[in-house]
Amino acid sequence: MKRFATRLLLKVGLFQTVFDYYNTTRGLDFGIVRSNRRIRKQANTRDFPLPPIALVTSAAGTPSLRWFLDSGSTAAECIRDVLRRNGTEIGDLGSILDFGCGCGRVIRHLPGLTNAGVFGVDVNARAIRWCREHLAFGTFAIGDLRPKLSFADGSFDLVYAFSVFTHLPEPLQQPWAHELRRVLRPGGLLLTSLHGQSYLPDLTESEQSVFRDNKLVVRHADTLGSNHSASYHPPTYAIEHLFDEFELMEHRPEGAVGNPHQDLYLLRKPSKEVVPTGLGVDDAVESIPV
């Protein structure tokens, strides 16, 4: 029934409107309203204001401002800690890209950890407009589902992508990995989170079989651009296929703290360039199911 309703809303062009309305109404729970009102009084500052509930829910999967703040802070600390474990201090970086920044859940906490230039990209134009108006410390750009960023080659020391590849269909997975590799400097780092083994109980028996065969599982690819679409990555697929042109520095199952139960991957762009091969951008975009 849910799949039929989703297809119908997509067909008449109302899926995103209904999805946004659902996100907004989830914040009407009395307990959450009371908690959010208290947190807005305590944490809503001039330099770091809090977004509207619809954007919060879109970014965090819940209308709770407490979760939005705590998970974002924890994720930022996770970035610092995984870099430190692998010999890099976040304070030594010159430029950082939050790929899929939403309304700033994680990036709002970076100024407390580093003086690096921070940049955010997201396909949600309303979230980016909000960030531009309220988070003056960063530079924000509206992205596209098409695997192309406006940044020059080698622009960043670190790109992190939390809960992004978890929502891409397979034709866009490798092209986006190539594009993030392009904007990293030689030796630059990519930090990302994926749905791994811990999500097996959420899959059907047939999907579990596909996952155990080390193949990507994708649900609701027709809702590309929303969190309703979901992808599940066996570690072998991620390491040997998706990120095969990176050097794997760390894979920690369920290690993406602040992004519950997602696997953490830290990868390095080789210092010596290798021309990427595989599916091209145009081919990838044209092969996305409509």
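For the structure itself, consult the block above.
Residues numbered from 1 in each chain as written. Predicted model: local features only at pLDDT ≥ 70, side-chain atom pairs only at ≥ 80, totals over all residues. Heavy atoms only, no water.

> I would appreciate a short explanation of the overall build of the protein in the present structure.
Counting its secondary structure elements, the protein contains 10 helices and nine strands. Taking all 290 residues of the protein together, the buried fraction comes to 49%. Within the protein, contacts between residues separated by at least 24 positions form 66% of all contacts whose residues are at least 6 apart in sequence. A total of about 13900 Å² of accessible surface is found on the protein, and carbon and sulfur atoms cover 52% of it. (Helix = DSSP H or I, 4+ residues; strand = E, 2+ residues; numbered from the N terminus. Buried < 20%, exposed > 50% of the residue type's maximum accessible area, 1.4 Å probe, protein only. Contact = heavy atoms within 4.5 Å. Areas by Shrake-Rupley, 256 points an atom, 1.4 Å probe, with all protein chains shown as cover.)

> Would you mind going over the pattern of salt bridges with me for this structure?
Pairs can form between side chains of opposite charge whenever their charged atoms are close. Applying the stated criterion across every chain yields a total of nine salt bridges. Across the salt bridge formed by Arg66 and Asp70, the nearest N and O atoms sit 3.2 Å from each other. A residue pair is termed a helical-turn pair when its members lie 3 or 4 positions apart in one helix, as Arg66 and Asp70 do in helix H5 (residues 65–85) at four residues. In this structure Asp70 comes out as partly exposed when scored by relative accessible area, which is 35%. The closest approach of N and O atoms between Arg185 and Asp157, which form a salt bridge, is 2.5 Å. Of this pair, Arg185 sits in strand E5 (residues 184–194) while Asp157 sits in strand E4 (residues 156–161), and the two are 28 residues apart along the sequence. Members of the salt-bridge network, linked through shared partners, are Arg85, Glu250 and Arg252. (Salt bridge = Lys/Arg side-chain N within 4 Å of Asp/Glu carboxyl O.)

> Even after reading the chapter, I still don't get the state of the cysteines, so can you show me in this structure?
In the structure shown here, the tally under the stated rule is zero disulfides. Not engaged in a disulfide, the cysteine Cys103 finds its nearest cysteine sulfur in Cys131; these two sulfurs lie 6.3 Å apart. Here Cys131 is not cross-linked by a disulfide; its sulfur's nearest cysteine counterpart is in Cys101, at 4.9 Å. (Disulfide = S-S within 2.5 Å.)

> Would you mind showing me how to read the environment of Arg182 here?
Residue placement: Arg182 occurs in helix H7 (residues 170–183). Separated by 27 residues in sequence, Arg182 and Ser155 have C-alpha atoms that sit 8.6 Å apart. Those residues in contact with Arg182, other than ones at most four positions away along the chain, are Lys148, Leu149, Phe151, Ala152, Asp153, Gly154 and Lys269. Polar side-chain contacts of Arg182 include one of 3.2 Å to the backbone oxygen of Leu149. (Polar contact = N/O pair within 3.5 Å; in protein donor to acceptor, adjacent residues only side chain to side chain.)

> So what exactly am I meant to see when it comes to the sheet that holds strand E8 (residues 247–252) here?
The strands making up a sheet associate through hydrogen bonds between their backbones, and the pairing can be parallel or antiparallel. Taken in spatial order, the seven strands make up an open sheet running E3-E2-E1-E4-E5-E9-E8, and their pairing is mixed. Unpaired on one side and paired on the other, strand E3 (139–142) and E8 mark the two borders of the sheet. Within the sheet, the average angular offset between the axes of one strand and its neighbour, ignoring direction, is 15°. The pairing of strand E1 (residues 95–99) with E4 spans three bridges and is parallel. Paired with Ile96 across the bridge in E4 is Leu158. Lying over the sheet, H7 contacts E1, E4 and E5, oriented at roughly 140° with respect to E5. (Pairing = 2+ DSSP bridges. Axes fitted to C-alpha atoms, helices over the stretch in contact; angles between N-to-C directions.)

> Could you clarify how one ought to interpret the side chain of Ser64 in this entry?
With respect to the secondary-structure elements, Ser64 resides in the loop between helix H4 (53–60) and H5. Residue classification places Ser64 among the buried residues on the basis of a relative accessible area of 16%. Looking at Ser64, its side chain comes within polar contact range of the main-chain nitrogen of Arg66, at 3.3 Å. Filtering out sequence-adjacent residues up to four positions away, Ser64 remains in contact with Ile32, Asn36 and Val56.

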